[in-house]
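# Reading the structure
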Amino acid sequence: EPYRRQRQMCIRDRLYTMTQFTYIVTENDKELTVKELLKRNFHFSSRLLTKIKQQDLAKLNNMPVRGWMKPSPGDELTVTLPPETSDFPPEDIPISVIFEDESLLVINKQPGFVVHPTKGKPNHTIANGIAKKMACEGQSYKIRFANRLDMNTSGLLIIAKNGFVQEQIIRQMKAGKTEKKYLAILNGCIEKDFGTINAPIGRPDPDEVERWILPVEDGGFDSITHYRVLKRFDKGYTLAEISLETGRTHQIRVHMASIGHPVTGDHLYNNGDPFLYRKLNGDFRRIEGEGEKSTSEYIDRQALHAYKLSFIHPITGKKLCLEAPMPHDMEEMIKRISC
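None of these values were measured; they are calculated from a predicted model. All residue numbers here refer to positions counted from 1 along the written sequence of the relevant chain. In view of the model being predicted, local features appear only for residues whose pLDDT reaches at least 70, and side-chain atom pairs are presented and counted only at 80 or more, with totals across whole chains, interfaces and linings using the full set of residues. Side-chain metrics rest on all non-hydrogen atoms present in the structure, leaving aside hydrogens and water.

Relative to the helices and strands, G163 is located in helix α5 (residues 163-174). Exposure categories follow from relative accessible area, calculated using a 1.4 Å probe and restricted to protein chains: below 20% of the type maximum is buried, above 50% is exposed, and the middle band is partly exposed. Under the relative-accessibility criterion, G163 is labelled partly exposed at 24%. Taking the C-alpha atoms as reference points, G163 and H313, separated by 150 residues in sequence, lie 14 Å from one another. In this description, contact between two residues means that some pair of their heavy atoms is separated by no more than 4.5 Å. G163 has contacts with E84 and R144, leaving out every residue within four places of it along the chain. The secondary structure listing takes helices from DSSP runs of H or I that are at least 4 residues long and strands from runs of E that are at least 2 residues long, numbered from the N terminus.

Per-residue confidence from the prediction method is given by pLDDT, with values spanning 0 to 100. In this model, the chain carries a mean pLDDT of 88, and residues with pLDDT of at least 70 account for 91%. Low pLDDT, under 50, characterises residues 1-18; the stretch is placed with 35 contacts to residues that sit more than four places away or in other chains. Low pLDDT, under 50, characterises residues 287-291; the stretch is placed with 3 contacts to residues that sit more than four places away or in other chains.

Turning next to the pattern of salt bridges. For this analysis, a salt bridge means a side-chain nitrogen from Lys or Arg found within 4 Å of a carboxyl oxygen belonging to Asp or Glu. Within the structure shown, the criterion is met by 16 salt bridges. When the shortest N-O distance is used, the salt bridge between D266 and R253 registers 2.8 Å. Highlighted residues: D266 in the loop between α6 (251-258) and α7 (274-281) and R253 in helix α6, separated in sequence by 13 residues. Relative accessible area serves as the criterion here: at 0%, D266 is assigned to the buried category.

Shown next as structure tokens:
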């Protein structure tokens, strides 16, 4: 017993590494089972708890343990997460790190790259670039994206280094506990300094990538976007800060286009409702052999940048407030439209 008390004084209640979680049982825990302690202190998902049980990844004082057992105060309960790796082929794609520790990687994604391989883009993705970074630094973890950015949107992208961290960040996002802010250059001068767009977004045609305003009864999802005008330009553009309450696919692009101020350069929503426009004017989206084309003379992609991100670090419990500077192409556009 004296040894247990001494060890409890020398070790924090919770200690974490990238793969191992440790908890020192307290007097208040003495009636709880191992399973209850794991749920209460680590908030593991049912799926992860099943893996822990099946692979005997939980230990009590470095000895195998079962979920029904009741530890004593001072006992050390440890869980080692199952080892995981990614199989993305490494590619020499620059990765700009904004924050990194044993559990998280946050990068400033450059435009022109999809986040992870898809059927249409099987390689040359951000995931391939992170795989190269990992290999060069001698790291090994499964690449898990906790948020997404469109191919031609730049800015902050979160990569969790284990499933627990990914799940906790996604839970925060669903609960509205994260703050995401974007910088966007928009066509036209918005009259109001502030505004909120509350309109459901859906996918009218499952065979097309575009979204548009769609009633909930027809399959749309509640979507809320706030905007704040930062600067208006005489040439007919607006620089705005945009924040999201929800995180629907193409949300900013659809909402801003729906009020007549599409994101500058946006090839999908520059003409408002893409389904109505194609019905009346034909397919404007792609030029054969050239792929997606910007609709602006000032920038080669949609002028949208995820520049601020705040959330609670799932391991340390501290609030992270991260920022990515405005990219060069948007800065250059602002210079040109300011003349």
